[in-house]
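# A closer look at the structure
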Amino acid sequence: MKHSPMRRAATVTVAAFACLLLSASVLAAAAQPLRAQEAQPVTFYRWTVVDAPSLDPHRAADPTSAEIVENLFLALTDYDPQTGAVRPELARAWEIAEDGQTFTFTLRDDVFWVRYDPDSRLTARVRAVTAQDFVDGIRRACEPTSAPATAALLASVIEGCAAVNQTAPEFITLEALALVGVSAPDPVTLVIRTREPAPWFLAMTPALRPVLLDDIRRYGDGWTLPGNIVTNGPFVLSGNGPNRQMTLLRANPHLPDDLEGPGNVARVVFDVAPDASAGYALYLEHAVDVSRFSPEEAAAYLFAGVRPPEALEIPEMRVGYFGFAHDRVPFNDVRVRRAFAAALDREAFVAQALGGVGLPMTHFAPPEVFGAPVRDADANVGYDPDYAREQLAAAGYGDCFGFPSVTLMAFDSASAWVDFALRAWEEVLGCEAQVFNVQLVRFPQLLERTDASAVPSRRPHIFTLLWLGEYPDEHNWVGGVLWCEAAPRTGRVCTDTDDLIAEAAVAPDAEARRALYAQVEAAFFGPDGEAPVAPLYQWVTWLSVKPWVSGPLATDLALGGLHWDWVEIDAAEQARCRAEGAGAVGCTIPFLLPSPAPTGTPTRTPTSAALPTLTVTAAPTTTPTVVSVPISATATNAPTTTPTVFSVPAAPTVTAAP
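Conventions adopted
Residues numbered from 1 in each chain as written. Predicted model: local features only at pLDDT ≥ 70, side-chain atom pairs only at ≥ 80, totals over all residues. Heavy atoms only, no water. Helix = DSSP H or I, 4+ residues; strand = E, 2+ residues; numbered from the N terminus. Buried < 20%, exposed > 50% of the residue type's maximum accessible area, 1.4 Å probe, protein only. Areas by Shrake-Rupley, 256 points an atom, 1.4 Å probe, with all protein chains shown as cover. pLDDT = per-residue confidence, 0-100. Contact = heavy atoms within 4.5 Å. Phe/Tyr/Trp six-rings, centres within 6.5 Å; stacked < 30°, edge-to-face > 60°. Lys NZ or Arg CZ within 6 Å of the ring centre and 35° of its normal. Arc of directions from axis to C-beta. Pairing = 2+ DSSP bridges. Salt bridge = Lys/Arg side-chain N within 4 Å of Asp/Glu carboxyl O. Disulfide = S-S within 2.5 Å. Polar contact = N/O pair within 3.5 Å; in protein donor to acceptor, adjacent residues only side chain to side chain. Axes fitted to C-alpha atoms, helices over the stretch in contact; angles between N-to-C directions.

Within the chain, the secondary structure is distributed over 18 helices and 22 strands. In the chain, which comprises 658 residues, the share counted as buried stands at 60%. About 24,100 Å² of surface is accessible on the chain, with carbon and sulfur atoms providing 53% of the total.

Spelled out as structure tokens, the structure:
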């Protein structure tokens, strides 16, 4: 899985969506009272089916835990909630040495570890966060007991981290930890050494968080329990209420004002629902302010071909694509690859194969990624039937005459992809269905058969995959998937384009890197491009949000982490709707599933920004038909065995400041 000078680590989402847990108690000296609030603090209400996430920033592996960590613990840097750009957080500034491998961060000296006592509602200041806390945190994150994705990601880039990660925990010594490329010359200076020149490393730094190692050693596995845990972010843990209700407070008076967002939420309360349907019912009753959909509601919307009421469309860092085997006839001919890629109408694909849940893609990296082109850039071919036919004819297969039989292999929940592509290739290119030997397989088998080490004669000619980005930089996209030395599953050989990728990977100037990556994407997907793969769509999620909730939710969630202190709630309107219940006027647009459940192909989703209102007069009396949407997966992780019906963040969050 490793390669040099560019490496692709295991999948990680740097920040995530979701929930909350327990609280802290026990005070140290210098306790101060909770900042002034109204008798009823502005509260963001949510639901979750997860009631025991990890609060350990280096053990959190699920979306619920990751979002809690995002709001309890500050990181070295942060993704701006409005722009997605990397911005300072605990680091005031940074420098990259001429060797491109030494990163020196100057830290703030005015951020403190705090401990909150839910009984007295006092927050005690423990001590300042120091560079050594980052050293301890990064070394700890390298250990194999940390979240696997995070540990693998750091091991791929930080000097000495891989050796620790590959050592059994009982054999890790202080000497081995000391070899990890991180040091603290003084309390406000942090130095990190990478394994190779890595200007893209800054895109990963929002994942680096400090820990107070003394408390972890003191309490062991119980360090995150109430009364033990210390944090440094804007929110603290409060406690559990009736029916396992969970509460988090914005109660860190020691946090500098410039590290707090402009929102007004002072409290976050989670109800625990037994399943997604029950959680969505809470949303319709105005008991919670944000909700994902149950599988039944999601399936009904897909079939109806309309966007759900009050829905935000959240782009994700993942792209679905068809791959071509460059080392097999006829796809060793670039003209054949161009023809098959240009015959695919991405907008129609999203509408017909995905029920409208996705954004068309004609290049590889999503627009939110550093160095990526704008969506549907003019330099890309995209859907062009005439061009497709010309290219196939130039390759000697006009009207698909004489085209050999080829294998199309897809993971078993991507049958809709296959159906759409077969129709397109027949209508545009004249290649009839019998040309294709279609195989739907389990994801592990697909990865095995498309691996770079697989025997070429056993490799499928065409295959489906999704790539989930590990960090928002083109290095992780064209560099981690398409670069010839990244052991690409396409089997492509090196060209001049790979020289551009390698140059962009080490170029210290950001604008120079942007320009190089623009050339790379054009060289891959332009009219004279290599067409190494055929990008199809960017994955999106739909999130229902009440009218009284505002803030940069869509951009904030695009990179996975929702900053609770950036969300504003109209408390008066929220209180009115909560008091009046499900029948309250102007509080939501409830959707009842049609009965009987519809069947057939989902219709095209309207592209208008206006959200259509669904008029349904009766509740469902039969079980709706479930629509299978391709499962999220990456080139390193297999999806679950059961097809996912609809991909949405687990109870996404929004919150703000009092």
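Let us look at the confidence of the model for the chain. With 81% of its residues at a pLDDT of at least 70, the chain reaches an overall mean of 81. Within the model, the stretch residues 1-38 combines pLDDT values under 50 with 176 contacts to residues more than four positions away or in other chains. Note on residues 592-658: pLDDT is under 50 here. Beyond four places in sequence and across chains, it has 213 contacts.

What follows concerns the packing of aromatic side chains. All chains considered together, the criterion is met by 26 aromatic pairs. Taking 4.9 Å as the distance between ring centres and 50 degrees as the angle between the ring planes, the aromatic pair formed by Phe340 and Trp425 counts as tilted. A residue pair is termed long-range when its members are at least 10 positions apart, and Phe340 in helix 9 (residues 334-342) and Trp425 in helix 12 (residues 415-429) qualify at 85 residues. The interplanar angle of 35 degrees and the centroid separation of 6.1 Å between the aromatic rings of Tyr537 and Trp539 together place this pair among those described as tilted. When its relative accessible area of 1% is taken as the criterion, Tyr537 is described as buried. The ring centre of Phe112 lies 4.2 Å from the NZ or CZ of Arg125, which sits over that ring. Over the aromatic face of Tyr45 sits the side chain of Arg578, whose NZ or CZ is 3.6 Å from the ring centroid.

When helix 11 (residues 385-394) is considered as a whole, its buried residues turn out to be Tyr387, Ala388, Gln391 and Leu392. What you see down the axis of helix 11 is that its buried residues fit within an arc of 130 degrees, all on one side. For helix 11, the elements touching its buried residues are helix 9 and helix 12.

Our focus in this paragraph is the pairing of strand 20 (residues 533-545). In terms of burial, strand 20 is a largely internal element, 13 of the 13 residues being buried. In the sheet, strand 14 (residues 290-291) pairs with strand 20 via two bridges, with the strands oriented antiparallel. By the bridge assignment for strand 20, Ser291 is matched with Ser544. The pairing of strand 15 (residues 311-324) with strand 20 spans ten bridges and is classified as antiparallel. The residue of strand 20 that forms the bridge with Gly320 is Tyr537. Two elements, strand 16 (residues 359-360) and strand 20, share two bridges in a ladder whose sense is antiparallel. Residue pairing in the sheet places Pro360 in a bridge with Tyr537 of strand 20.

What follows covers the environment of Ala147. Relative to the elements of secondary structure, Ala147 occurs in the loop between helix 2 (131-142) and helix 3 (148-155). The sequence separation of Ala147 and Pro57 amounts to 90 residues, and the corresponding C-alpha distance is 9.0 Å. Excluding residues within four positions of it along the chain, Ala147 makes contact with His58, Arg59, Ala60 and Ala61.

A word on the pattern of salt bridges. This model, assessed by the stated rule, comprises 24 salt bridges. The partner of Arg209 in a salt bridge is Glu70, with the nearest N and O atoms 2.8 Å apart. Taken together, the residues span a long stretch of sequence, with Arg209 in the loop between strand 10 (189-193) and helix 6 (213-219) and Glu70 in helix 1 (residues 63-72) at a distance of 139 residues. Glu70 matches Arg209 in its accessibility class, with the two residues each being buried. Taking the shortest distance from any N to any O, the salt bridge between Asp333 and Arg335 comes out at 2.9 Å. Classification of Arg335 by relative accessible area gives partly exposed; the value is 31%.

Quick look at the pairing of strand 7 (residues 112-117) now. One face of the sheet, then the other: side chains in a regular strand alternate in exactly this way. Burial runs high along strand 7: six of the six residues are buried. Neither face of strand 7 is open: one carries Phe112, Val114 and Tyr116, the other Trp113, Arg115 and Asp117, and all of them are buried. For strand 7 and strand 8 (residues 122-128), the ladder comprises six bridges, and the chain directions are antiparallel. Across the sheet, Trp113 pairs through a bridge with Arg127, a residue of strand 8.

Quick look at the state of the cysteines now. Per the counting criterion, the structure on display carries four disulfides. Covalently, Cys142 is tied to Cys161 through a disulfide, its sulfur atoms 2.0 Å apart. Residues Cys142 and Cys161 share a disulfide whose torsion about the S-S bond is about -120 degrees; that sign makes it left-handed. One end of the pair, Cys142, is in helix 2; the other, Cys161, is in helix 4 (residues 161-165), with 19 residues separating them in the sequence. With respect to burial, Cys142 and Cys161 carry one shared label: buried. One disulfide bridge connects Cys400 with Cys431, the sulfur atoms lying 1.9 Å from each other. Taking the sign of the S-S torsion, about 95 degrees here, the bridge from Cys400 to Cys431 comes out right-handed. Here the residue Cys400 occupies a position in the loop between helix 11 and strand 17 (406-411), and Cys431 occupies one in the loop between helix 12 and strand 18 (436-441), the gap between them amounting to 31 residues.

A cis geometry characterises the amide bond from Val329 onward to Pro330, with omega recorded as 10 degrees. With respect to the helices and strands, Pro330 occurs in the loop between strand 15 and helix 9. Its identity is not glycine, yet Cys400 carries a phi of approximately 70 degrees, on the positive side. Even without being a glycine, Ala531 presents a positive backbone phi close to 45 degrees. Its place among the elements puts Ala531 in the loop between helix 16 (510-525) and strand 20.

Moving on to the side chain of Asn232. Note that Asn232 resides in the loop between helix 6 and strand 11 (236-240). For Asn232, a relative accessible area of 0% gives the class buried. There is a polar contact of 2.6 Å between the side chain of Asn232 and the backbone nitrogen of Leu74. Residues contacting Asn232, with those up to four places away along its chain left out, are Leu72, Phe73, Leu74, Leu90, Val111, Phe112, Trp113, Val129, Pro210, Asn252 and Leu255.

On to the environment of Asp496, then. Its place among the elements puts Asp496 in helix 15 (residues 496-506). Residue Asp496 is classed as exposed on the basis of its relative accessible area, which comes to 64%. Placed 27 residues apart in sequence, Asp496 and Ala523 show a C-alpha to C-alpha distance of 9.3 Å.

A word on the sheet that holds strand 5 (residues 91-96). Within the open sheet, the four strands sit side by side as 5-6-10-9. Their pairing is antiparallel. The two strands at the open ends of the sheet, each matched to only one other strand, are strand 5 and strand 9 (182-186). Here the average twist between neighbouring strands, direction ignored, is 20 degrees. By the bridge criterion, three bridges tie strand 9 to strand 10 in an arrangement that is antiparallel. Looking at strand 10, one finds that Ser183 is bridged to Val191. Contacts from helix 2 reach strand 6 (102-107), strand 9 and strand 10, with the element oriented near 170 degrees to strand 9.

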